[in-house]
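Residues per chain, in single letters:
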Amino acid sequence: MAKNAFELLTLENEVFKAYLFWSAVLVLKMLFMSLLTGFMRFRTQTFINPEDILDKRIKVKYDNPDVERCRRAHRNDLENILPFFVIGFLYLLINPDAKLAINLFRACAISRIVHTFVYAVVVIPQPSRILAFLVCALATTYMALQVALTAL
Amino acid sequence: MAKNAFELLTLENEVFKAYLFWSAVLVLKMLFMSLLTGFMRFRTQTFINPEDILDKRIKVKYDNPDVERCRRAHRNDLENILPFFVIGFLYLLINPDAKLAINLFRACAISRIVHTFVYAVVVIPQPSRILAFLVCALATTYMALQVALTAL
Amino acid sequence: MAKNAFELLTLENEVFKAYLFWSAVLVLKMLFMSLLTGFMRFRTQTFINPEDILDKRIKVKYDNPDVERCRRAHRNDLENILPFFVIGFLYLLINPDAKLAINLFRACAISRIVHTFVYAVVVIPQPSRILAFLVCALATTYMALQVALTAL
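**Student:** How would you summarise the relation of the copies chain C and chain B if you had to cite specific residues and measurements?
**Tutor:** Once chain C has been moved 0.0 Å along the axis and rotated by 120 degrees, it coincides with chain B to within an RMSD of 0.0 Å. Such a combination of rotation and displacement between the chain copies is what one expects of a three-fold axis. No C-alpha of chain C approaches the rotation axis more nearly than that of F6 of chain C, which lies at 3.1 Å.

Encoded structure:
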């Protein structure tokens with residue numbers, strides 16, 4: 001723990017650069033879910049708010065399976081990627097081994113992109129989704145344990 | 001990139017002050033959604049948990065449109081405001097142009113307040129909600145791209 | 001406000017250590033919700049995606065009350081714990097009174113663990129859940145107000 005925050009949070013620190021890059025990628029990936037859900041709503045004409053319907057012959061609908069699948073994938077992102085942002089940043093601040101940290105960030109980001117793909121873009125049979133979920137969940141758990149132990 | 005994190009994360013930095021202020025406003029706005037949903041549940045007597053019902057003649061209900069509208073607005077906040085918090089902070093750390101950054105934070109915050117108003121307080125016809133959504137989504141996308149490019 | 005970010009974000013700062021510890025605990029608690037929901041899905045054989053079903057005699061189901069209860073508890077975490085992570089960190093950066101800050105972090109974390117317990121593990125009658133909710137919501141509101149006032 002020789003390093004201070006001002007040495008960790010600079011672009012000279014490769015771990016910080018990796019965190020910046022993969023976090024930005026995951027934010028873009030999450031925003032893409034809104035686009036995908038919107039696209040599915042238009043394609044299947046499934047609108048949940050009366051004010052969203054242009055063609056007045058269409059009624060409000062709640063339960064299109066393709067739309068709901070996108071929404072579940074998006075919610076799974078909220079449940080997993082948002083905690084990753086927090087714990088990844090705190091892990092960075094406890095000055096971890098650079099190589100390990102960079103690979104953890106990379107693994108989380110790539111596994112969450114795979115998760116979205118196999119869940120909401122092209123449905124691929126299990127265990128693809130559960131494995132993609134587990135990579136990020138286990139990496140997040142490891143980082144959280146490291147952060148908690150360091151703080152004790 | 002002359003500045004270090006310890007110069008960026010002080011109250012002398014106007015960008016940091018703007019981030020602090022608008023983030024706090026958005027946190028309060030998000031907490032308000034819980035209040036609004038609770039209020040709607042009481043007004044429409046729509047309770048989703050048996051243990052929440054005082055009057056035993058009332059049954060558990062799931063599908064009141066006003067309650068569900070509040071919950072959708074709240075979920076939309078989770079999907080958009082939480083990634084904004086993350087990317088806004090990282091954008092701040094790459095030392096952006098002060099005027100642009102302050103205006104991006106302000107635009108995101110105000111557009112999300114407008115989004116809540118037109119979605120869940122007084123329903124205003126489209127395209128009001130989609131425009132409010134887009135202002136924050138596009139600003140977030142811009143910041144994410146800048147962060148990713150800086151990290152490369 | 002004598003301290004700079006690089007003095008605040010070190011393990012010499014007790015407030016930072018408390019934030020690290022309780023944030024890590026809450027991240028682990030949130031990840032536990034996924035486990036709990038998965039466990040409930042298996043126990044009640046309630047699968048929402050066709051590709052998750054091994055036994056082909058089982059049909060997709062949406063509305064098991066135990067599964068939905070876990071999902072509501074998890075969503076309530078997203079609505080409350082994620083804003084806490086953000087505002088707790090910003091509150092830390094405005095150099096608050098150490099004792100107060102440490103107790104606020106502790107109160108938020110413990111109340112959210114209690115919230116999960118009384119909502120999704122062993123259902124305990126109200127007002128247990130509303131009180132657990134309020135402790136964290138009020139502490140978060142207080143911190144947000146302090147951050148906003150400091151930034152002004």
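**Student:** Mind laying out the interface of chain A and chain C, listing which residues take part and the relevant values?
**Tutor:** Interfaces are often sized by the amount of accessible area the parts lose when they come together. Opposite the 34 residues of chain A that make contact, chain C presents 29 residues. When the two sides are added together, the surface that chain A and chain C hide from each other amounts to roughly 2700 Å², 73% of it contributed by carbon and sulfur. Remark: the boundary between chain A and chain C carries three salt bridges. Where R129 of chain A meets D52 of chain C, a salt bridge forms, and the shortest distance between an N and an O atom there is 3.0 Å. Counting across the interface, chain A meets chain C through seven residue pairs in polar contact (both at pLDDT 80 or more). Top contributing element to the side of chain A that touches chain C by residue count: helix 3 (residues 65-93) of chain A, with 13 residues. Across the side of chain A that touches chain C, the residue classes break down as 23 nonpolar, six polar and five charged.

**Student:** Would you mind going over the pattern of salt bridges in detail, with residue names and values included?
**Tutor:** The final tally for this structure, using the stated rule, is 27 salt bridges over all chains. K29 of chain B is the partner of D77 of chain B in a salt bridge, and the nearest nitrogen-oxygen pair spans 2.6 Å. With D77 of chain B in helix 3 (residues 65-93) and K29 of chain B in helix 2 (residues 14-44), the pair connects residues that are 48 residues apart, well separated along the chain. Through salt bridges with shared partners, a single ionic network connects E51 and D52 of chain A together with R69 and R129 of chain B.

Reading the values: rules and limits
- Residues numbered from 1 in each chain as written.
- Chains lettered and ligands numbered in written order.
- Predicted model: local features only at pLDDT ≥ 70, side-chain atom pairs only at ≥ 80, totals over all residues.
- Heavy atoms only, no water.
- Least-squares fit on C-alpha atoms with pLDDT ≥ 70 in both.
- Contact = heavy atoms within 4.5 Å.
- Buried area = accessible area lost by both parts, 1.4 Å probe.
- Salt bridge = Lys/Arg side-chain N within 4 Å of Asp/Glu carboxyl O.
- Polar contact = N/O pair within 3.5 Å; in protein donor to acceptor, adjacent residues only side chain to side chain.
- Helix = DSSP H or I, 4+ residues; strand = E, 2+ residues; numbered from the N terminus.
- Nonpolar A, V, L, I, M, F, W, Y, C, P; charged D, E, K, R; others polar.

So yeah, pure geometry; function would need other evidence.
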